[in-house]
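Commentary on secondary and tertiary structure
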Amino acid sequence: MIEAGSLIRSLSGRPAARNFHTFVINEIGLGIVTGQFPVGSILASDAVMMETYGVSRTVLREALKTLEAKGMVEARPKVGTRVTPTSRWSFFDPQVLSWHFYAKPDARFFESLFDVRGALESRAVALASTRRTAEHIRLMKYWLHQMDLAEGSLESHGLSALEIHRAIAESAGNALLRSVTGIVELTLALALKSLDATTTTAYCAASLQAHAELVRAIEGGDSGTAAQAGGAVLLLDSDRAQTLLQP
């Protein structure tokens with residue numbers, strides 16, 4: 001499992017694995033996503049991987065079972081463990097999504113990512129405008145205030161923005177729409193990754209304003225204005241992420 005916000009916290013560097021099992025999953029999973037272990041290739045033997053990662057056979061096999069459950073590998077008798085086609089990967093899995101943060105920027109993947117975020121979040125915003133409670137609005141305003149206090153800290157700004165989106169998904173009252181959180185975090189992390197000293201201030205100011213308009217519209221039950229504000233937030237992150245594709 002991966003905790004919400006951990007990808008944004010990793011902007012300052014990849015976090016250390018909590019245990020050997022997580023370590024092996026991350027190393028192999030990241031290797032698959034980044035192309036170190038290409039689709040269709042056969043992973044090294046158990047003995048080689050045990051030595052490479054410094055783990056027991058039990059830990060290694062449990063890690064491979066976890067990756068198989070994510071649709072990324074399959075074990076075949078007398079063949080070994082093969083990396084499966086991307087069409088079988090569980091892209092809504094937060095861990096699978098997080099590995100793409102470290103992969104080479106891909107225009108088609110970015111397009112797909114923001115398309116899905118837009119489709120799911122627009123529905124969440126529409127439902128939130130009619131189903132939100134006072135507690136939901138209190139949470140959104142609290143994290144909006146934290147965004148205002150971030151003062152150029154990308155981690156603080158990003159975590160606060162993520163919490164607003166989590167509150168929106170929660171207030172929508174649709175358990176399946178909560179799955180948008182992992183996609184929102186990846187797209188947000190990619191936008192933050194693109195920033196430098198010359199672009200951070202303008203981005204944070206625009207993001208704060210757009211989120212403020214979004215929360216205000218949801219509180220007022222104005223689904224039309226909320227949809228426009230949500231679209232502005234999405235476009236802001238998409239435009240920033242697109243700069244990562246530039247040579």
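What counts as what
Residues numbered from 1 in each chain as written. Predicted model: local features only at pLDDT ≥ 70, side-chain atom pairs only at ≥ 80, totals over all residues. Heavy atoms only, no water. Buried < 20%, exposed > 50% of the residue type's maximum accessible area, 1.4 Å probe, protein only. Helix = DSSP H or I, 4+ residues; strand = E, 2+ residues; numbered from the N terminus. Pairing = 2+ DSSP bridges. Core = buried A, V, L, I, M, F, W, Y, C linked by side-chain atoms within 4.5 Å. Contact = heavy atoms within 4.5 Å. Expected span 1.5 Å × (residues − 1). Polar contact = N/O pair within 3.5 Å; in protein donor to acceptor, adjacent residues only side chain to side chain.

Moving on, we get to unusual backbone geometry. Its identity as a non-glycine residue notwithstanding, Lys78 has a phi of 65°, on the positive side. Taking relative accessible area as the criterion, Lys78 reaches 91% and is therefore assigned exposed. Phi at Glu151 is positive, roughly 50°, even though this residue is not glycine. As for its placement among the helices and strands, Glu151 is situated in the loop between helix H7 (134–149) and helix H8 (154–171).

Here four bridges tie strand E1 (residues 73–76) to strand E2 (residues 80–83), and the two strands are oriented antiparallel to one another. Across the sheet, Val73 pairs through a bridge with Val83, a residue of E2. Linking E1 to E2, which pair antiparallel, is a turn of three residues; within it Lys78 sits at a positive phi near 65°.

It is worth spelling out the nonpolar core at this point. It is characteristic of soluble globular proteins that their nonpolar side chains tend to be buried jointly. Judged by nonpolar contacts, the single largest core of 48 residues is most densely connected at Ile168, Leu186, Tyr203 and Ile218. Elements supplying a minimum of two residues to this core: helix H1 (6–9), helix H6 (107–131), H7, H8, helix H9 (180–193), helix H10 (200–219) and helix H11 (223–242). Considering every element that reaches this core, the biggest residue donor is H9, with nine residues. Sequence-distant contacts of Tyr203, defined by excluding residues within four places in its chain, comprise His157, Leu188, Ala191, Leu192, Leu195, Leu236, Asp237 and Arg240. Counting 22 residues, the second largest nonpolar core, distinct from the first, contains Val24, Ile28, Leu67 and Ala103.

All right, on to H6 then. Counted at 1.5 Å a residue, the expected span for H6 with its 25 residues is 36 Å, and the 36 Å between its end C-alpha atoms agrees. Turning to H6, its buried residues are Phe109, Phe110, Leu113, Phe114, Arg117, Glu121, Ala124, Val125, Leu127, Ala128 and Ser129. Against the buried residues of H6 lie helix H5 (94–99), H8, H9, H10 and H11. Sitting at the amino-terminal end of H6 is Asp106, which places a side-chain oxygen 3.2 Å from the backbone nitrogen of Arg108.

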